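# Descriptive structure summary
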Amino acid sequence: FDLKNDDFTTLEELGAGNGGSVMKVLHNLTGTVMAKKIVLIDAKPAERKKLLRELQIMHDCDSPYIVSSYGAYLAEPNICICMEFMDKPSFDGIYKKIGAIDIRVVGKVAVAVLEGLRYLYDVHRIIHRDIKPSNILCNSQGDIKLCDFGVSGELVNSIANTFVGTSIYMSPERIQGATYSVKSDIWSLGITLIELSVGQFPFSDSFSDSDADSDLEDAASHAHRDSLHPPRAPAPKRDSLRVPTSPTTARRRRRSKGVSLHGGGATLSIIELMHQIVNEPAPRLPPGRFGAAPDAFVNGCLEKDPDTRRTPKELFDYEWIAESRQNGVDMRAWAATF
Ligand code: ADP
Ligand code: MG
């Protein structure tokens, strides 16, 4: 069926990110509750049509590990993407609510993300490009599904917010301007798994509070600007960074123009963070806390050199994956606890 603005009743806002906002809506004609993502785009009419055609791929996705799509439509100057509504928070929301997530549940997340990536690649030849806790959703059935995959190169290029495409989950090679491969998603998965099991973004702790001189930072920003972005994307506009902040860190961030990372209150500029990702050893799970199997898996994801980093196919053979598939955790019961 055709989707259009008039046919929806807005129920509540589910969240907002770099690219736009997501609303819980009721589709009046069918009585279906959906999640509607509204993205402000900056594209010419001909490009918009192409964009919509490309979004059709999303509609064709049919996997238990991928949030399904009801379709997309233009509502100038926005594009609206109507998705399956997931009635539990995304994984960033979950750990911010309940704290560090049980490693066995994190194992289920690893399985779901690998399965989702395999489906997208094997069936549709798509690379996700934006693996992070807020793009891994959960419902009261205990299902874990991926959303917001880079279905359309066109879409990424026409989203009005210039910061889209740069993320704190970016792999070292991508920061350095290499072309995107599925292995970049694997890096982002490794960072995500540490964040969920420890309850904190892995780079936040290792940083001291930075009130770096902003002129210097601006210079650094210019110097690195090209390497921060895939070739066709526009330069980052740093005001548009949206990273969750507490009132204190938000104040600090305005002063230092740094990026405040979740929770810990440590503030660092995006340039400092990118520098760390490229130059420091890869993050690890805290030694001895979770056991050898998760450690080995995460280390396989977080090889800095993409040539030695494991592929999704290789990662399926890790002991932790087999273990997690049959670890007996009742995901539906778990999802009922928050
Ligand atoms: P980001 O992923 O960067 O946080 P988004 O605009 O993609 O920003 O999403 C904002 C929030 O909306 C997400 O954090 C998630 O909690 C929520 N959300 C997105 N898609 C859905 C969906 N299909 N069902 C329920 N909630 C969703
Ligand atoms: Mg998202």
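Residues numbered from 1 in each chain as written. Chains lettered and ligands numbered in written order. Predicted model: local features only at pLDDT ≥ 70, side-chain atom pairs only at ≥ 80, totals over all residues.

The name recorded for the protein chain in an unreviewed UniProt entry is Pkinase-domain-containing protein, from Mycena belliarum.

## With respect to the overall build of the protein chain
Along the backbone of the protein chain there are 13 helices and nine strands. Evaluated residue by residue, the protein chain yields a buried proportion of 40% over its 338 residues. (Helix = DSSP H or I, 4+ residues; strand = E, 2+ residues; numbered from the N terminus. Buried ≥ 20, exposed ≤ 12 C-beta atoms within 10 Å, placed from the backbone.)

## Some remarks on unusual backbone geometry
Cis geometry marks the peptide bond from Glu76 to Pro77, where omega comes out at -5°. Position of Pro77 among the secondary structure elements: in the loop between strand 4 (69-75) and strand 5 (78-84). Even without glycine at this site, Arg129 takes up a positive phi of about 80°. Looking at the element boundaries, Arg129 is found in the loop between helix 3 (103-124) and strand 6 (136-138).

## Topic: the site of ligand 1
Near ligand 1, the surroundings consist of 22 residues, among which Gly15, Gly17, Val22, Ala35 and Ser134 are the closest. Contributing elements (two or more residues each) for the shell around ligand 1: strand 1 (8-16), strand 2 (20-27) and strand 5. The dominant element in the shell around ligand 1, judged by the number of residues it contributes, is strand 1, at three residues. Along the lines of polarity and charge, the residues of the shell around ligand 1 split into eleven nonpolar, nine polar and two charged. (Near = placed C-beta within 6 Å. Nonpolar A, V, L, I, M, F, W, Y, C, P; charged D, E, K, R; others polar.)

## Overview of helix 6 (residues 182-198)
The terminal C-alpha atoms of helix 6 lie 25 Å apart, and with 17 residues this matches the ideal 24 Å at 1.5 Å per residue to within 8%. Along helix 6, 16 of the 17 residues are buried, which leaves the element largely enclosed by surrounding structure. In the segment just after helix 6, Gly199 is the residue with positive phi, at about 85°. (Expected span 1.5 Å × (residues − 1).)

## Here's the deal with the sheet that holds strand 1
Pairing is antiparallel across the open sheet formed by five strands, whose spatial order is 1-2-3-5-4. A single partner strand is all that each edge strand has here, and the edge strands are strand 1 and strand 4. Ignoring which end each strand starts from, the neighbouring axes of this sheet average 25° apart. Judged from the eight bridges that link them, strand 2 and strand 3 (residues 32-40) form a sheet pairing that is antiparallel. (Pairing = 2+ DSSP bridges. Axes fitted to C-alpha atoms, helices over the stretch in contact; angles between N-to-C directions.)

## Here's the deal with the nonpolar core
In terms of nonpolar packing, the biggest core is built from 73 residues, with Val106, Val109, Ala110, Val113, Leu146 and Leu193 touching the most fellow members. When residues of this core are assigned to their parent elements, the largest contribution, eleven residues, is made by helix 3. Excluding its chain neighbours within four sequence positions, the residues that come into contact with Val113 are Ile131, Ile136, Leu146 and Leu189. (Core = buried A, V, L, I, M, F, W, Y, C linked by C-beta atoms within 7 Å. Contact = placed C-beta atoms within 7 Å.)

## Observations regarding the UniProt feature "binding site: ATP" (unreviewed entry) in the protein chain
When the UniProt feature table is mapped onto this chain numbering, "binding site: ATP" (unreviewed entry) sits at Lys37. Note on placement: Lys37 falls in strand 3. The buried category is assigned to Lys37, around which 24 C-beta atoms lie within 10 Å. Apart from the residues lying within four places of it in its own chain, the contact partners of Lys37 are Gly20, Val22, Cys80, Ile81 and Met83. (UniProt positions renumbered as here; feature names shortened; annotations may be inferred.)

## Structural notes on helix 2 (residues 91-98)
Taken together, the buried positions of helix 2 are occupied by Phe91, Asp92, Ile94 and Tyr95. The buried residues of helix 2 all sit within an arc of 160° when viewed along its axis, so they share a single face. Buried residues in helix 2 make contact with helix 3, strand 6 and helix 6. Among the residues trailing helix 2, Gly99 stands out with phi positive, at a value near 85°. (Arc of directions from axis to C-beta.)

## Examining the environment of Val123
Take Val123: it is sitting in helix 3. Given 13 C-beta atoms within 10 Å, Val123 falls into the partly exposed group. Through-space distance from the C-alpha of Val123 to that of Asp62 is 9.7 Å; in sequence the pair is 61 residues apart.

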